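Residue-level listing of the chains:
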2 protein chains.
Amino acid sequence: MASSSYSNSPCAACKFLRRKCMPYCIFAPYFPPEYPQKFANVHKIFGASNVSKLLNEVQPHQREDAVNSLAYEAEARIKDPINGCVGSISMLQRQVIRLQKELDATNEDLMQYTCNEIMQSTQDGRRIMGIEEGSSLGHGFYYPSLWNSDSNCELGYHRGSDNN
Amino acid sequence: MASSSYSNSPCAACKFLRRKCMPYCIFAPYFPPEYPQKFANVHKIFGASNVSKLLNEVQPHQREDAVNSLAYEAEARIKDPINGCVGSISMLQRQVIRLQKELDATNEDLMQYTCNEIMQSTQDGRRIMGIEEGSSLGHGFYYPSLWNSDSNCELGYHRGSDNN
């Protein structure tokens, strides 16, 4: 929220600029005296005149957001004079690309598992249904089947005609 | 690359500021006359004096990166006077959070599939190994087993001692 307690002491901007803080000061609502560094930063990077111009260009209800984004950019530029907050953008862009690649790979794995599971279910179904006649598990026996003519399994279902 | 062709015509900064472009002009290598808008943008947002100060604060080999990040920020602020490039940061941060959540969910699904597959393999192995004696598939027959004493399947392997 923009500060409304700028009646007693000058705002951080007017204090910094050593001037009288007048009623309706453009800076006062956004640079309360409690946060002197906020104005010092935007002044160092953008200059008071540019900040004032920018505030006058935007709607009053947008000014707080504008000041906060300017303060964010200014702090980032002071911390990293070469890249400023563009460094954060580059880092986030790399992070997005990495996550997207990781997500694509994981989705591919998941798709593979899903396909395998569908194939496994289909094969199990076919085995149970006896469609895969003569299929071997390589253990020297066949799975019994309701319709497997080779089957003579005591444990399985006997087709009535088989042994006649 | 920083421009080195600033001997004939004044750089974009000096042209904009209507001053003589001197040798070793701090702006000339980074603001060639072919790109007048680049300087116009940084001048509007940061001011020529602040850009000059910043360039003098960083090492010569870092100046091109510094100018490019300033130009990026300035252009973003002109396009979006309220958020500037902080708008891109917010958007990228939301994208990172969304992708991370999606990746976590996909990894969870994948883990579930992997667990299911391991359990399935274990169950299949137990069936083949005949550990699950008496297990039924609900189709009226048992899977044959090498060690299943109930088994008398012609198609399976007969334990030598079973029928003796």
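Residues numbered from 1 in each chain as written. Chains lettered and ligands numbered in written order. Predicted model: local features only at pLDDT ≥ 70, side-chain atom pairs only at ≥ 80, totals over all residues. Heavy atoms only, no water.

Asks: Is there a simple way to think about unusual backbone geometry in this case?
Replies: Most peptide bonds are trans, and most residues other than glycine sit at a negative phi. A positive phi angle is found at Tyr24 of chain A, which is not glycine, with a value near 65 degrees. Judged by relative accessible area, which is 79%, Tyr24 of chain A ranks as exposed. The phi torsion at Arg18 of chain B lies on the positive side, around 50 degrees, for a residue other than glycine. If you trace the backbone, Arg18 of chain B turns up in the loop between helix H1 (12-16) and helix H2 (36-45). (Buried < 20%, exposed > 50% of the residue type's maximum accessible area, 1.4 Å probe, protein only. Helix = DSSP H or I, 4+ residues; strand = E, 2+ residues; numbered from the N terminus.)

Asks: Whenever I open this one, helix H3 (residues 48-57) of chain A confuses me. Can you help?
Replies: One turn of the α-helix equals 3.6 residues, which is why residues spaced by three or four share an orientation. Of the residues making up H3 of chain A, those classed as buried are Ala48, Asn50, Val51, Ser52, Leu54 and Leu55 of chain A. Residues of H3 of chain A that are buried make contact with helix H2 (36-45) and helix H4 (63-79) of chain A together with H2 and helix H4 (63-79) of chain B. (Contact = heavy atoms within 4.5 Å.)

Asks: So what exactly am I meant to see when it comes to the pattern of salt bridges here?
Replies: Note on pairing: side chains with opposite charge can pair once their charged atoms come close. Within this structure, the stated rule accounts for eight salt bridges over all chains. A salt bridge links Glu57 of chain B to Lys44 of chain A; the shortest N-O distance between them is 3.6 Å. Residue Glu57 of chain B is located in helix H3 (residues 48-57), and its partner Lys44 of chain A is located in helix H2; the two belong to separate chains. For Lys44 of chain A, a relative accessible area of 43% puts it in the partly exposed group. In this structure, the salt-bridge partner of Glu73 of chain B is Arg77 of chain A, at a minimum N-O distance of 2.6 Å. Linking Glu73 of chain B in helix H4 with Arg77 of chain A in helix H4, this pair reaches from one chain into another. Under the relative-accessibility criterion, Glu73 of chain B is labelled buried at 1%. Taking the relative accessible area as the measure of exposure, Arg77 of chain A reaches 1% and is therefore buried. (Salt bridge = Lys/Arg side-chain N within 4 Å of Asp/Glu carboxyl O.)

Asks: For this particular structure, what's the right way to read helix H5 (residues 86-129) of chain B?
Replies: Between its first and last C-alpha, H5 of chain B extends 63 Å over 44 residues, near the 64 Å set by a 1.5 Å rise per residue. If you follow the buried residues of H5 of chain B, they end up packed against H4 and helix H5 (86-129) of chain A. One or two positions beyond H5 of chain B, positive phi appears at Gly130 of chain B, with a value near 75 degrees. (Expected span 1.5 Å × (residues − 1).)

Asks: Honestly, the domain arrangement of chain A in this entry has me stumped. Any pointers?
Replies: Interfaces are frequently sized by the accessible area removed from exposure as the parts join. Parsing chain A into structural domains produces domain 1 (12-84) and domain 2 (95-130). Using C-alpha coordinates to define each centre, domain 1 of chain A is positioned 54 Å away from domain 2 of chain A. (Domains from an automatic or database assignment.)

Asks: Even after reading the chapter, I still don't get the packing of aromatic side chains, so can you show me in this structure?
Replies: Geometrically, a pair of aromatic rings is defined through the distance of the ring centres and the angle of the planes. Residue and element names in this part refer to chain A. Scanning the entire structure with this criterion turns up 10 aromatic pairs over all chains. Taken together, the ring pairs connect Phe16, Phe27, Phe31 and Phe39 into an aromatic cluster. Stacked on the ring of Phe31, the Lys or Arg Lys38 has its end atom at 5.6 Å from the ring centre. (Phe/Tyr/Trp six-rings, centres within 6.5 Å; stacked < 30°, edge-to-face > 60°. Lys NZ or Arg CZ within 6 Å of the ring centre and 35° of its normal.)

Asks: Would you mind going over the UniProt feature "coiled-coil region" (unreviewed entry) in chain A with me for this structure?
Replies: According to UniProt, the positions carrying the feature "coiled-coil region" (unreviewed entry) are residues 89-116 of chain A. Taken end to end, residues 89-116 of chain A is 100% helix and 0% strand, and its first and last C-alpha atoms sit 40 Å apart. (UniProt positions renumbered as here; feature names shortened; annotations may be inferred.)

Asks: Explain the nonpolar core to me, please; I cannot follow it from the model alone.
Replies: Side chains of nonpolar character tend, in soluble globular proteins, to be buried together. With 52 residues, the main nonpolar core has Phe27 of chain A together with Phe27 of chain B as its most contacted residues. If you list the elements that add at least two residues to this core, you get helix H1 (12-16), H2, H3 and H4 of chain A together with H1, H2, H3 and H4 of chain B. Once residues lying within four places of it in the same chain are set aside, the contact partners of Phe27 of chain A are Cys11, Ala13, Leu17, Arg19, Phe39, Ala48, Val51, Ser52 and Leu55 of chain A. Among the nonpolar cores identified, the runner-up in size contains 14 residues, and Ile89 and Val96 of chain A together with Cys85 and Leu92 of chain B belong to it. (Core = buried A, V, L, I, M, F, W, Y, C linked by side-chain atoms within 4.5 Å.)

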